[in-house]
Each structure stands twice: as C-alpha cells, then as structure tokens.
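Descriptive analysis of the structure
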Amino acid sequence: MKRILFVRHAKTEPWDFGVDDFNRKLTNRGHKDSLLIAESLKSKELIPDFIYTSAAKRAVETTNLFAAHLDVPSSQIEKHDDLYEYVSTQDIQDLISRSSEDYQTIMIVGHNPWISNVAAMLSKDFQSIMPTTGTVCLEYKVKKWKEVNPATGKNIYYKTPKSFK
C-alpha cells in the first residue's frame, strides 16, 4: 500500500509590486491553517516519510510547518524548482516513481492549478479545486511507486481549513 498526500501551499501575502510571486511569504492565517491541517493528519496517522516541495518561499514555509509538526526531519525534504509552475501528471508520476520503496507515504506540496489537477487525475474519486492548505491523501493498492497510475488512487482524506471552522 502506498499513499500520496497532495498539499496546496498555505495562505500567502498578496502579490505586490515590491515582491515577486516566487518570494511571497505566508500570512498569520497561513501559519495557523498549516498547523490545523498538520494536527489533523497526525491524529489520523497520515505522516509522510518524505516530502517533495516546490522551491517557492510559500511552499517551503508550508512544508517546514508541516514537517516540524509531523516530526519529519529536514533530511527527508527535497525542494524542486520545477514544482513551481505548470506541472503535468506525467511529471508527478516520474517524481513518484523515483521515490524510495522504503517510503509508504509521501507528501507533495505545490500550487494551483496543477496540484488540484494532478491529484484529480491520479484519483478515481477526487474532483476538487483545493483552496490554500487544502490536503488530499490518495491511497494505492500497489507495492512499488512505479505502479501508481492515473485514476487509481482512492481518496482516504480530504480536508481544508474550513473543514474545522
């Protein structure tokens, strides 16, 4: 059994002429929402063994908050510049297939629209546009990451910050 947690980065400061999009930071709400979802994952024992994240500041901040709360060491986090802009389902499948078979659960932190689209394409029962900090966990009845295919993941968890308010 393999699981993938897809997480859209948390709420960020508005895009301003003084800060380029790549370097936007999380707001206080973004910090709180990240901890809210991380606590929910912890209570459900959905803890990633490894995290792939976009290298954009807001995704890295979200990742670091989740990792700290879920006790994922920094050595188990990998930043990817190519997870910032458009990412295809095939790109994610390629990334997943390179994951260590020792990992049962991985997390991918990224941006809309691609994070929602890829999660939907890899799922047989998830169709949603994830808001900030939206998190979905797809479960696959496979033994190897290379066996993860589109439309085969079962949605076993989907939460947004509004789920708790």
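Please refer to the structure higher up on the page.
Thresholds, definitions, all that
- The residue numbering used here restarts from 1 in each chain and proceeds along that chain's sequence as written.
- With pLDDT at 70 or above as the cut-off, local features in this predicted model cover only qualifying residues; side-chain atom pairs require 80 or more to be listed or tallied, and sums for whole chains, interfaces and linings still use all residues.
- Side-chain calculation: all heavy atoms of the structure are included, whereas hydrogens and water are not.
- Secondary structure counts use DSSP, requiring at least four H or I residues in a row for a helix and at least two E residues in a row for a strand, with both numbered from the N terminus.
- Residue exposure (1.4 Å probe, protein chains only): buried if accessible area is under 20% of the type maximum, exposed if over 50%, otherwise partly exposed.
- Every residue pair with non-hydrogen atoms within 4.5 Å of one another is taken to be in contact.
- Polar contact criterion, stated in full: a pair of N or O atoms within 3.5 Å, where within protein one must be able to donate a hydrogen and the other to accept it, and residues adjacent in sequence count only if both atoms are side-chain atoms.
- DSSP bridges decide pairing: two strands pair if at least two such bridges lie between them.
- Side-chain rings of Phe, Tyr and Trp, where Trp is taken by its six-membered ring, are said to pair if the distance between their centres is within 6.5 Å; with planes under 30 degrees apart they count as stacked, over 60 as edge-to-face, and otherwise as tilted.
- In this description, a line fitted to the C-alpha atoms serves as the axis of each element, helices being fitted only across the stretch in contact, and the angle between N-to-C directions of two axes falls anywhere from 0 to 180 degrees.
- Between 65 and 115 degrees an angle is taken as roughly perpendicular, under 35 as roughly parallel, over 145 as roughly antiparallel, and anywhere else as oblique.
- It is the rotation of the near helix from the far one that decides the hand of a crossing: anticlockwise by less than a right angle makes it left-handed, clockwise makes it right-handed.
- By the convention adopted, Pro, Cys, Tyr, Trp, Phe, Met, Ile, Leu, Val and Ala count as nonpolar, Lys, Arg, Asp and Glu as charged, and the other residues, Gly among them, as polar.
- Residues grouped as a nonpolar core are buried Ala, Val, Leu, Ile, Met, Phe, Trp, Tyr and Cys residues, joined through side-chain atoms within 4.5 Å.

As a further point, take the environment of Tyr84. Inspection of the secondary structure assignment puts Tyr84 in the loop between strand E3 (77-80) and helix H3 (89-97). Assessed through its relative accessible area of 17%, Tyr84 is described here as buried. Spatially, the C-alpha atom of Tyr84 lies 6.8 Å from that of His111, the residues being 27 residues apart in sequence. Those residues in contact with Tyr84 that sit more than four places away from it in its chain are Asp21, Phe22, Ser54, Ala56, Arg58, His111 and Trp114. In this structure the side chain of Tyr84 is engaged in a polar contact, spanning 2.5 Å, whose partner is the side chain of Asp21. Among the polar contacts listed, one links the side chain of Tyr84 to the backbone nitrogen of Phe22, at a separation of 3.4 Å.

This next bit is on the pairing of strand E5 (residues 135-140). A large share of E5 lies buried, amounting to six of its six residues. On E5, burial covers both faces: Thr135, Cys137 and Glu139 on one face and Val136, Leu138 and Tyr140 on the other are all buried. Pairing between strand E1 (residues 2-8) and E5: six bridges, direction antiparallel. Paired with Phe6 across the bridge in E5 is Val136. The sheet contact formed by E5 and strand E6 (residues 154-159) spans five bridges and is antiparallel. From the neighbouring strand, Thr135 faces E6, where its bridge partner is Lys159.

Tallied over the entire structure, the rule returns four aromatic pairs. With a centroid separation of 4.9 Å and 80° between ring planes, the pair formed by Phe22 and Tyr84 is classed as edge-to-face. One end of the pair, Phe22, is in the loop between E1 and helix H1 (28-43); the other, Tyr84, is in the loop between E3 and H3, and 62 residues separate them in sequence. Among the aromatic residues, ring-to-ring pairing joins Phe50, Tyr52 and Tyr103 into one connected group.

In this section: the packing of H1 against helix H2 (residues 57-70). Two numbers describe how H1 lies on H2: the axes approach to 9 Å, and their chain directions differ by 40°. By the angle class used here, H1 and H2 are oblique. H1 and H2 meet at a crossing whose hand is right-handed. Facing H1, whose interface residues are His31, Ser34, Leu35, Ile37, Ala38, Glu39, Leu41 and Lys42, H2 presents Glu61, Thr62, Leu65, Phe66, His69 and Leu70. Each residue belonging to the contact of H1 with H2 can be placed in one class, and the counts come to seven nonpolar, four polar and three charged.

Our focus in this paragraph is the side chain of His80. Summarising the element assignment, His80 is placed in strand E3. Residue classification places His80 among the buried residues on the basis of a relative accessible area of 14%. In this view, His80 contacts Tyr52, Thr53, Ser54, Ala55 and Leu95; residues no more than four positions away in its chain are not counted.

Once that is clear, we can look at the nonpolar core. One finds Ile4, Phe6, Ile92, Ile96 and Ile108 to be the most contacted residues of the largest nonpolar core, which totals 25 residues. Sorting the residues of this core by element identifies E1, strand E2 (50-54), H3, strand E4 (105-110), helix H4 (114-122) and E5 as the ones contributing at least two each. Considering every element that reaches this core, the biggest residue donor is H4, with five residues. Excluding anything up to four places from it in sequence, Phe6 contacts Ile92, Ile108, Ile115, Val118, Ala119, Leu122, Met130, Gly134, Thr135, Val136 and Leu138. Grouped together as the second largest cluster of nonpolar side chains are 17 residues, Val7, Val72, Ile77 and Cys137 included.

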